[in-house]
Amino acid sequence: MTVGPTTRSRHHGCLYASDEEFLATTVPFVNAGLEAGEPVLVATTSANLHLLGSVLGDRASRVDHAETGYFGRRPHQRVAAFRDYWRRHPGAGYVRIIAEPVWAGRSARDIEAWQRMESGLNLLLADTNVWMICPYDRRTADPAILVDAARTHPHLVTGEQVTVSDDYLEPAAYASVRDRRPLPDPPDGAATAAVTPDLGAVRQFAASRGGALGLSGSRLPLMVAAVNEAASYLLEQAAGEISLRLWAEFGGVVCDLSSTGHGLDDPLVGYRSPELRRAAGDRLWLVRQLCTHVDTRSTAGGCTIRLYLPGGRDEEPAGGPR
Amino acid sequence: MSQSAPGDHLCLVSGHPLERRAVLSSFVDGGLERDERVLYHFADPGSAAAVFDFLDRGAWRRYLDSGQLRVASAPDAYLDGGRLDPDRAVRTLLREVEATLTAGWRGLRVANEMGWTSGRMPESTRLLEFENAIRPALSGLPVTVICQYDRRQLARASVDRFLRPHTGQVGMDPIHSDNAMRIFPTFDPPGLRVEGSVDAHSAGAFADALAALEERADGNGDSHLDLAELQFIDLDGLRHLAWTASRLPAGRSLVLHRLAPHHRELITLLRWDEIPSLRFQNDRS
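This one's a predicted model, so the numbers in the text were calculated from it and none came from an experiment.

Conventions adopted
All residue numbers refer to positions counted from 1 along the written sequence of the respective chain. As a convention, the first chain written is A and the first ligand written is 1, with the rest following in written order. With the structure being a predicted model, the display of local features is reserved for residues of pLDDT at least 70 and the display and counting of side-chain atom pairs for 80 or more, all residues being used for whole-chain, interface and lining totals. Side-chain metrics in this entry use all non-hydrogen atoms of the structure; hydrogen atoms and water are not considered. For the exposure calls, accessible area comes from a 1.4 Å probe over protein chains only, and a residue counts as buried if that area is under 20% of its type's maximum, exposed if over 50%, partly exposed in between. Put simply, DSSP marks the helices as runs of H or I at least four residues long and the strands as runs of E at least two long, and each gets a number from the N terminus on. Here a residue-residue contact requires only that any non-hydrogen atoms of the pair lie within 4.5 Å. Two strands qualify as a pair provided DSSP detects at least 2 bridges between them. Angles shown run from 0 to 180 degrees and are taken between the N-to-C directions of axes, each axis being a line fitted to C-alpha atoms and, for helices, limited to the stretch in contact. Here the aromatic set is Phe, Tyr and Trp, taking the six-membered ring for Trp, and pairing holds for ring centres within 6.5 Å; pairs whose planes are under 30 degrees apart are stacked, those over 60 apart are edge-to-face, and all others are tilted. A ring is scored as having a charge over it whenever the NZ atom of a lysine or the CZ atom of an arginine sits within 6 Å of its centre and within 35 degrees of its normal. Definition used in this section: a nonpolar core is a set of buried Ala, Val, Leu, Ile, Met, Phe, Trp, Tyr and Cys residues joined via side-chain atoms within 4.5 Å. A quick way to say it: buried area is the sum, across both parts, of accessible area lost when two parts are put together, with a 1.4 Å probe. Any Lys or Arg side-chain nitrogen located within 4 Å of an Asp or Glu carboxyl oxygen qualifies as a salt bridge. Side-chain atoms alone can form a polar contact between residues adjacent in sequence; in general such a contact is a pair of N or O atoms within 3.5 Å, and within protein one must be able to donate a hydrogen while the other accepts it. In this classification, the charged set is Asp, Glu, Lys and Arg, the nonpolar set is Ala, Val, Leu, Ile, Met, Phe, Trp, Tyr, Cys and Pro, and all remaining amino acids, among them Gly, are polar. Under this scheme an angle from 65 to 115 degrees is roughly perpendicular, one under 35 degrees roughly parallel, and one over 145 degrees roughly antiparallel; angles in between are oblique. When the near helix sits turned anticlockwise from the far one by under a right angle, the crossing is termed left-handed; a clockwise turn instead gives a right-handed crossing. Comment: arc refers to directions from the helix axis out to C-beta atoms.

J.: Go over helix 9 (residues 282-290) of chain A with me, naming the residues and quoting the values.
T.: Burial of helix 9 of chain A is extensive: nine of the nine residues sit out of reach of the surface. Regarding helix 9 of chain A, the residues found buried are Asp282, Arg283, Leu284, Trp285, Leu286, Val287, Arg288, Gln289 and Leu290 of chain A. On its buried face, helix 9 of chain A is in contact with helix 3 (75-87), helix 8 (219-237), strand 11 (293-299) and strand 12 (302-310) of chain A together with helix 10 (235-246) and helix 11 (261-269) of chain B.

J.: Explain the sheet that holds strand 4 (residues 95-99) of chain A to me, using residue names and the numbers behind them.
T.: All names here are of chain A. The seven strands are arranged 3-2-4-5-1-6-7 in an open sheet whose pairing can be described as mixed. Edge positions in the sheet fall to strand 3 (64-67) and strand 7 (161-164), since each of these pairs with one other strand and no more. Strand-to-strand twist of the sheet, defined as the mean angle between neighbouring strand axes without regard to direction, takes the value 20 degrees. In this structure, strand 2 (residues 40-44) lies alongside strand 4, joined through four bridges in parallel fashion. Bridge pairing in strand 4 places Ala43 opposite Ala99. Against the sheet, helix 1 (residues 19-35) engages strand 1 (10-16), strand 2, strand 4, strand 5 (130-137) and strand 6 (155-158), with an angle of about 160 degrees to strand 4.

J.: Break down the sheet that holds strand 12 of chain A for me, citing the residues and quoting the values.
T.: All names here are of chain A. Sheet architecture is open: five strands sit in the order 8-9-10-12-11, paired in antiparallel fashion. The outermost strands of the open sheet, each flanked by one partner alone, are strand 8 (191-195) and strand 11. Shown here is a sheet whose adjacent strand axes are inclined to one another by a mean of 15 degrees, direction ignored. Pairing geometry for strand 8 and strand 9 (residues 242-249), over five bridges, is antiparallel. Across the sheet, residue Thr192 finds its bridge partner in strand 9, namely Arg245. In the packing of helix 4 (residues 108-124) onto the sheet, contacts are made with strand 9, strand 11 and strand 12, and the angle to strand 11 comes to roughly 70 degrees.

J.: Tell me about the packing of aromatic side chains, and name the residues and values.
T.: Tallied over the full model, the rule gives six aromatic pairs over all chains. Where Phe29 of chain A meets Trp131 of chain A, the ring centres are 5.3 Å apart and the plane angle is 80 degrees; that geometry is what we call edge-to-face. In this pair, Phe29 of chain A is assigned in helix 1 and Trp131 of chain A in strand 5, connecting sequence segments 102 residues apart. As far as burial versus exposure is concerned, Phe29 of chain A and Trp131 of chain A are alike and both buried. Following the ring pairs from residue to residue traces out a cluster consisting of Phe29, Tyr94 and Trp131 of chain A. It is Arg8 of chain A that lies over the ring of Tyr94 of chain A; its NZ or CZ is 4.9 Å from the centre. In this structure, Arg62 of chain B packs its charged tip against the face of Tyr63 of chain B, placed 4.8 Å from the ring centre.

J.: An account of the nonpolar core is requested, with residue identities and associated values reported.
T.: Judged by nonpolar contacts, the single largest core of 69 residues is most densely connected at Leu257 and Leu307 of chain A together with Leu225 of chain B. Considering each element in turn, this core owes the most residues, eleven residues, to helix 8 of chain A. Leaving out residues up to four positions away in the same chain, Leu307 of chain A has contacts with Ala226, Val227, Ala230, Val253, Val254, Cys255, Leu257, Val287, Cys291, His293 and Val294 of chain A. Counting 31 residues, the second largest nonpolar core, distinct from the first, contains Leu41, Val95, Tyr136 and Ala141 of chain A.

J.: I'd like a description of the interface of chain B and chain A, backed by residues and values.
T.: If you look at the interface, chain B gives 19 residues, while chain A gives 27 residues. Taken together, both faces of the contact between chain B and chain A bury some 1900 Å²; the carbon and sulfur share is 63%. On inspection of chain B and its partner chain A, the count reaches six salt bridges. As a salt-bridge pair, Asp234 of chain B and Arg283 of chain A come within 3.1 Å of each other at their nearest N and O atoms. Our count for the contact surface shared by chain B and chain A stands at ten residue pairs in polar contact (both at pLDDT 80 or more). Mapped onto the side of chain B that touches chain A, the elements with two or more residues apiece are helix 10 and helix 11 of chain B. Top element by residues in the side of chain B that touches chain A is helix 10 of chain B. It accounts for six residues. Classifying every residue of the side of chain B that touches chain A by side-chain character gives nine nonpolar, four polar and six charged.

J.: Residue-level account of the pattern of salt bridges, with values.
T.: Residues and elements named next belong to chain A. Considering all chains together, one arrives at 35 salt bridges over all chains under this definition. Residue Arg106 pairs with Asp110 through a salt bridge whose shortest N-O separation is 3.3 Å. On the basis of relative accessible area, Arg106 is assigned to the partly exposed category, the value being 23%.

J.: So what's going on with unusual backbone geometry? Residues and values would help.
T.: All names here are of chain B. In the Ramachandran plot, Asp35 falls in the positive-phi region, its phi being about 60 degrees despite a non-glycine side chain. Secondary-structure assignment places Asp35 in the loop between helix 1 (17-33) and strand 2 (37-42). The residue Arg271 is not glycine, and still its phi comes out positive at about 65 degrees. Position of Arg271 relative to the elements: it lies in the loop between helix 11 and strand 15 (278-281).

J.: Run through the packing of helix 1 of chain A against helix 2 (residues 46-56) of chain A, naming residues and quoting values.
T.: Residues and elements named next belong to chain A. At their nearest, the axes of helix 1 and helix 2 sit 10 Å apart, and the two run at 60 degrees to each other. Comparing the axis directions of helix 1 and helix 2 gives the class oblique. Considering how the two elements wind past one another, helix 1 and helix 2 form a crossing that is right-handed. The segment helix 1 lies against helix 2, with Asp19, Phe22, Leu23, Thr26, Val27, Val30 and Asn31 engaging Asn48, Leu51, Leu52, Val55 and Leu56. For the contact of helix 1 with helix 2, a count of residues per class yields eight nonpolar, three polar and one charged.

J.: How would you sum up the pairing of strand 12 of chain A? Please name residues and give values.
T.: Residue and element names in this part refer to chain A. Across the nine residues of strand 12, nine count as buried, placing the element largely inside the fold. In this structure, strand 10 (residues 252-259) lies alongside strand 12, joined through eight bridges in antiparallel fashion. In the strand pairing of strand 12, Gly252 is matched with Pro310. Sheet topology places strand 11 next to strand 12; seven bridges connect them, and they run antiparallel. Of the residues in strand 12, the one forming a bridge with Asp295 is Arg306. Joining the antiparallel neighbours strand 11 and strand 12 is a turn of two residues.

J.: If you had to explain helix 3 (residues 59-66) of chain B to someone new, which residues and values would you point to?
T.: Since the α-helix turns once every 3.6 residues, residues separated by three or four places project in the same direction. All names here are of chain B. Listing the buried residues of helix 3 in full gives Ala59, Trp60 and Tyr63. Mapping the buried residues of helix 3 onto a view down its axis gives an arc of 95 degrees, with all of them on the same face. Summarising the geometry of helix 3, the exposed residues directed more than 90 degrees from the buried face are Arg62 and Asp65. Just beyond helix 3, the residue with positive phi is Gly67, at close to 85 degrees.

J.: Can you explain the environment of Leu259 of chain B? Please cite residues and give values.
T.: All names here are of chain B. Residue position: Leu259 is located in the loop between strand 14 (254-257) and helix 11. The class for Leu259 is buried, based on a relative accessible area of 8%. In this structure the C-alpha to C-alpha distance between Leu259 and Asp188, which are 71 residues apart in sequence, comes to 17 Å. Setting aside its immediate chain neighbours within four residues, Leu259 contacts Leu227, Leu230, Arg264, Ile267, Phe280 and Asn282.

Remember that the coordinates give geometry; whether it matters functionally is a separate question.
Listed below in structure tokens is the structure:
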């Protein structure tokens, strides 16, 4: 990764196999930050928080911390949480963050979303002075996850030794590798409609199908809003024929929007939160906020946005995905 | 209120004098301009003064002198010894049509203030008979009638009962109207009411309407939007709301009235609820 004069962000992966190795990297990193008067945030497992806290002793009182699962419930929220933390600490030399994602117990779909985020952070934090270390626990993480840690981090750190990651892929390249694996086909019984510029008809279709699939309360209009934004995005960005498929599966309602045009060339579209000034990816940002999960695919034949929305039997607290 | 046609028996249920004034001045002016005779039946002498205020300053005298405009007391025109006789009242209207056509006018417009009915005429059954008789009696004649009821004096159930005999309800002309979205001026508080859907197609017209909102600010300089009938609003629409609020002069607010909870949730997600000049009010109509 080229670091220009205005970009000072650093994104290091740290593959550790013991408590000692975890501490060998994180303790000097935290100490150097505290000595320089820089903000330090640690978002990791409760076990590692306890471990680090006991070693830091009194200095731990100056460390901001979160149990990692609660620091951004979904990848897009994680990105927002990082940027919020950075924004709240202007003027520091570095804003230091230790961020260890949870991998155990996640579905393949979930793991992919978090890995794409790891890759995306190289661009999403490029305009910041965040120095981030992402620890990966060799004892629990799947070997395939460790392989991708080297693809999504430009540098790896062991102890205090930083090395260039030979396997690192630029975010766009990483996304296109992931995009090669197609999404599972929609089920045969999926309700299907063509998306035309008549967005009212798109919303009507989504509302009637969503209602039939058991969405009620505010979930139905919020699902309609998500479908409208994704359809509007494709109409605005991807010239081509757009089709919409909608079905239920365990976990919620799925809505698939496919275009024969190309509108997802930027793999990070929809990760930056909207400002008052309009930007192309804003609609997908809102889509991500409203969904429990979003899959995207961009291939020679077109692009697909697949939305997973909380269903009528979702018992997570209101606003669960958000 | 621009679209009325001969044969219409219209109903204006108004909640605010300014709305009444806008609708009626358009009705009266429109008739005078088209060489129709206009008959204005006021509820009481006090409200008659307001009628002359509708018309262009000074111009009404000319119309009164020529007989094209007559302003008269509704009770005097319709009541017989303090009682409403529906047949007699309808005959009165028919006589006026005949006189109008004989005098060479192209048609007749009648504006009836119905405020007198609540005070002096408790026989609402007879009033309904009168209302029901108007349309068949005037069918095919070049006459347009507007009956004005005050929303504040009528219970909701009564509004529906009195609407039924009419061919339509009139109100303010929308400042924007298409298949998806209509925007109307409101008066209490002054502002705009948005009905329908704001999406990629209508966001431009929505933004244009919001740009004019500041001119309709209330006494405190706040702008008001009634969004109770807003069916849908997309990101662009929400952004226009946030943008409008954020560029108001210090101390002024954009107040969103009766915004649906899920729309509010979207604004919260976008963090535009943190804009201090964007306020929410969930008052009932």
